Structure formats: C-alpha cells, structure tokens
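Single-letter residue listing:
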Amino acid sequence: MDFALTDDQRAIQDAARQFAEAELAPHSAEWDETKHFPVDVMKHAAEMGFCGIYTGEEHGGMALGRVEAALIFEELSRGDVSTAAFISIHNMATWMIDKFGSDDLRARYVPRLTTMELIASYCLTEPGSGSDAAGLRTTAKRDGDDWVLNGSKAFISGAGTSDVYVVMARTGADGPKGISTFVVEKDAPGLSFGAQEKKMGWNSQPTAIVAFDDCRIPAANLLGKEGDGFRYAMMGLDGGRLNIAACSLGGARLALETTQTYVTTRKQFGKSLSEFQNTQFKLADMATQLEACRLMVLRGAWAIDTNHPEKTKWCAMAKRMTTDACFQIADEALQLHGGYGYLKDYPLERIVRDLRVHRILEGTNEIMRVITAREMLRQ
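Quick look at the structure, then. Sequence positions are assigned chain by chain, starting from 1 and proceeding in written order. Totals for whole chains, interfaces and linings use every residue, but because this is a predicted model, local features are given only for residues with pLDDT of at least 70 and side-chain atom pairs only at 80 or more, for both listing and counting. Processing note: side-chain calculations cover all non-hydrogen atoms of the structure and skip hydrogens and water entirely.

Section: the environment of Ala208
Just so we agree on the cut-off: Helix and strand definitions here come from DSSP, where helices need a minimum of 4 consecutive H or I residues and strands a minimum of 2 consecutive E residues; each element is numbered from the N-terminal end.
For Ala208, the position within the fold is in strand β7 (residues 207-218). Separated by 14 residues in sequence, Ala208 and Gly194 place their C-alpha atoms 5.5 Å apart.

What follows is the structure, given as structure tokens:
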C-alpha cells in the first residue's frame, strides 16, 4: 500500500491549484453576488484539459483516472466550489456520451465538449421523482426516424445556457429497465426552459426546469441501447458522487485554512484564539475529518479505476461521509470566526451555502445509506 502520489499526479494537482488560484478564487465572491456563469473561464479550464478529464483521448479527452479527477476537483473547488461543481457535471455528461455513444454521436459531440465549445448538462431528476429516480415519467416515443420526448426535468444545472442535454426518459415499461438515454440539443423543437431558480448557493451556475413538449430529436441521438439508460445514469453517478465529494473537500479545506490564519491573529481575553485548548481541539477534529474524507474519496476513485466489485458501495460511502463532514467543517469554521464569519467579507458563509447542496444532489445522503446497506446485505 502506497499513499504517495506519482510525479504525474502531483503535476496535475499543482496545475489545478495554480489555475484555481489565478482564475477562480479572485472572482468567486463576485460571481456569487452577481450570479455570473463564468463560461469564458471554464473554457480556459478546458484548455487545461479539465473538461474532459476521464474522457478518451480519441476525441480530445485526457483519459485520466478518477483518482486524478478527485485531485483536480479538490483544487478547483478550493478556488470556487460552485464553478468547480459545474465543471464536474459537464465532465460526467461528456464521459457518458464518449462511453456509451455511437461512433457518430461521439464524433459529433465529444470533441466540442472537451474544448467546451459546447456545454453539457445531465438531466435525470424530475419534479415528481428525485430520490426515486427509476420512477421518472418523462417519455420518449419512436416516430419514424425520430424520438419524441414529453415531460420535464428539475434542478438542472446549466439549463438554458448549456448546448447539449443528456436526458433519461422512459421508452418502455415502469421501472429502471424501461429507461433510455438521449442526447438533446438546445435548439431541438419542443425544448424549453423554466425561470432561473433562486438558490441558497451554487450561484455561479444557472439552474432551471428543462421541459419537453413533443420535443423531436433524431433517432441516432439515442445513447447506447434502448432500455440501458438507467444503468448508464447510475454509472455516471458513481463518478459524479466522488466529484461532488472532492468539491466538498476543496471548500472545507479553504474554510479550515482561512480559520487557521484567523485564530492566530484574533485576540480575546488577552491572547490569540489559537492559544485556547478549545480552539486547538476544534482545529484538530476538523483536520482529522478532512483527511479521513480525502482517503475515502481516493479509495472510491481507486475502486472505479480498477473496476472493483464494491465500487458503488465505496462511492456512496465516500459521498455520504465527505459531504456531511465537510459541511460540518465549514460550519465550525464559520463559528470560530464569530460574527465575522457571517459577513461576506470572509468566504465562510459562501462556502457553507455552496456545500449544503452537496448533501442533496447526486443522490441524497439518505439514499447513499440505502445504497450502502443494500450492497452490504447483498453479499
């Protein structure tokens, strides 16, 4: 067992850190305040290879592993959690097209997705089916050389701005085996978008309903095989859960580093906060939780890279533990700042707002417990 990163992994990590410090961190507060979607900056990230991290090299991806992806997303999210999280979603959708698409679909979309000439969104959740994803009601019916989609998707990151939507829809009977996956372009007839949601966090990315009203797409835009769409969606989410967990690591790490600096300079009762044993214990617990979570994330990433039979369980465990613990770390960091932590002069309140949704999306943490227990009892 070797816990050391390779030279290549350290170089990738350093490149992501430098990009985040130069291109994300200086603008994070402004993007949050103005709800700006920094497409230009994300295209710069694409130039670094960060928009096709584990997509194959044939169409412009970096063909890296999930361990490298976890390292990258931790660093990017230390610069800006919300923007890094959107880049992770784009990576997931791009990978799905590259992994399961026909040669024609891959050639048409993947080269422009890895450069972020096209932006991608992932569309699974619906107004009436969140945790019960297999109960989705959006339909796709074959009509000659087309598929016709009807229904809606909710809480879709990038909705209205993204150019490509990876959509799960029902083509057969109830349940997971009746679901297929499609690639829908923004200008497809019958596709529309709801008003932008007003959110607690993740303000640097748009979120809205995606609606399909007799939305007609070419039959060739079926991704993979009919009836396999739910399996594709879940395979995407194994990695997606690790990406979001890694984004939690970056946000919590910034919160902890900011707090370490603050408690050494802030004085109360004649001495710095760092001299109080209570503060020291809190910092020690926060650092321990952060390190334990990072190990869980990297283990889950290793499991995907090696196709370990327990990869789904380990990804669910890592996502549950990391997103819960990192939110608590950020909240404790805010508490140690006292009233200053509640002000936008410091990044703590933004980190808390951005990390809160990580316990909900990519499968709620309650569903992560369901998956973990199911996999345990199946053995």
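What about helix α6 (residues 103-114)?
As a reminder, the rule being used: Multiplying 1.5 Å by the residue count of a helix minus one yields the expected span of that helix. Type-normalised accessible area, obtained with a 1.4 Å probe on protein chains alone, sets the label of each residue: buried when under 20%, exposed when over 50%, and partly exposed for intermediate values. Directions drawn from the helix axis to the C-beta atoms are what define this arc.
The terminal C-alpha atoms of α6, which comprises 12 residues, lie 16 Å apart, in line with the 16 Å expected from a rise of 1.5 Å per residue. Buried residues of α6: Leu105, Arg106, Tyr109, Val110, Leu113 and Thr114, and no others. Along the axis of α6, the buried residues cluster in a sector spanning 120 degrees; they form a single face. Met116 lies just past α6 and shows a positive phi near 60 degrees.

Quick notes on the packing of aromatic side chains
Our working definition: Note on aromatic contacts: the rings of Phe and Tyr and the six-membered ring of Trp form a pair at centre separations within 6.5 Å, being stacked when their planes are under 30 degrees apart, edge-to-face when over 60 apart, and tilted otherwise. We count a charge as sitting over a ring when the NZ of a lysine or the CZ of an arginine lies within 6 Å of the ring centre and within 35 degrees of the ring normal.
For the coordinates displayed, the defined rule picks out 10 aromatic pairs. Note on Phe37 and Phe86: the rings are 5.0 Å apart at their centroids and 90 degrees apart in plane angle, and the pair reads as edge-to-face. Pair noted here: Phe37 is in the loop between α2 (28-34) and α3 (39-47) and Phe86 is in helix α5 (residues 81-100), with a separation of 49 residues, a long-range link. Accessibility classification places Phe37 together with Phe86 in one group, the buried group. Over the aromatic face of Phe276 sits the side chain of Lys271, whose NZ or CZ is 4.7 Å from the ring centroid.

Here's the deal with the environment of His36
Inspection of the secondary structure puts His36 in the loop between α2 and α3. As for His36 and Gln205, which are separated by 169 residues in sequence, their C-alpha atoms are 7.0 Å apart.

Things to note about the pattern of salt bridges
Rules: Salt bridge, as used here: a side-chain nitrogen of Lys or Arg that lies within 4 Å of a carboxyl oxygen of Asp or Glu.
Overall, the coordinates contain 28 salt bridges when judged by the stated rule. A salt bridge links Arg294 to Glu291; its shortest N-O distance comes to 2.9 Å. Here the residue Arg294 and the residue Glu291 both occupy positions in helix α8 (residues 277-305), the gap between them amounting to 3 residues, near one helical turn. Arg294 sits in the buried class, given a relative accessible area of 18%. As a salt-bridge pair, Arg320 and Asp324 come within 3.1 Å of each other at their nearest N and O atoms. With Arg320 and Asp324 both in helix α9 (residues 311-336), this residue pair falls 4 residues apart, about one helical turn. One connected set of salt bridges, linked through shared partners, spans Asp14, Arg17, Glu21, Glu74, Glu75, Arg78, Arg253, Glu257, Glu291 and Arg294.

Looking at the side chain of Arg106
Relative to the helices and strands, Arg106 resides in helix α6. When its relative accessible area of 13% is taken as the criterion, Arg106 is described as buried.

Notes on the pairing of strand β2 (residues 139-143)
Note the following rule: Should DSSP find at least two bridges between two strands, the strands are taken to pair.
Where β2 meets strand β3 (residues 146-157), 5 bridges bridge the pair, whose relative direction is antiparallel. The residue bridging Ala140 from the neighbouring strand is Leu149, located in β3.

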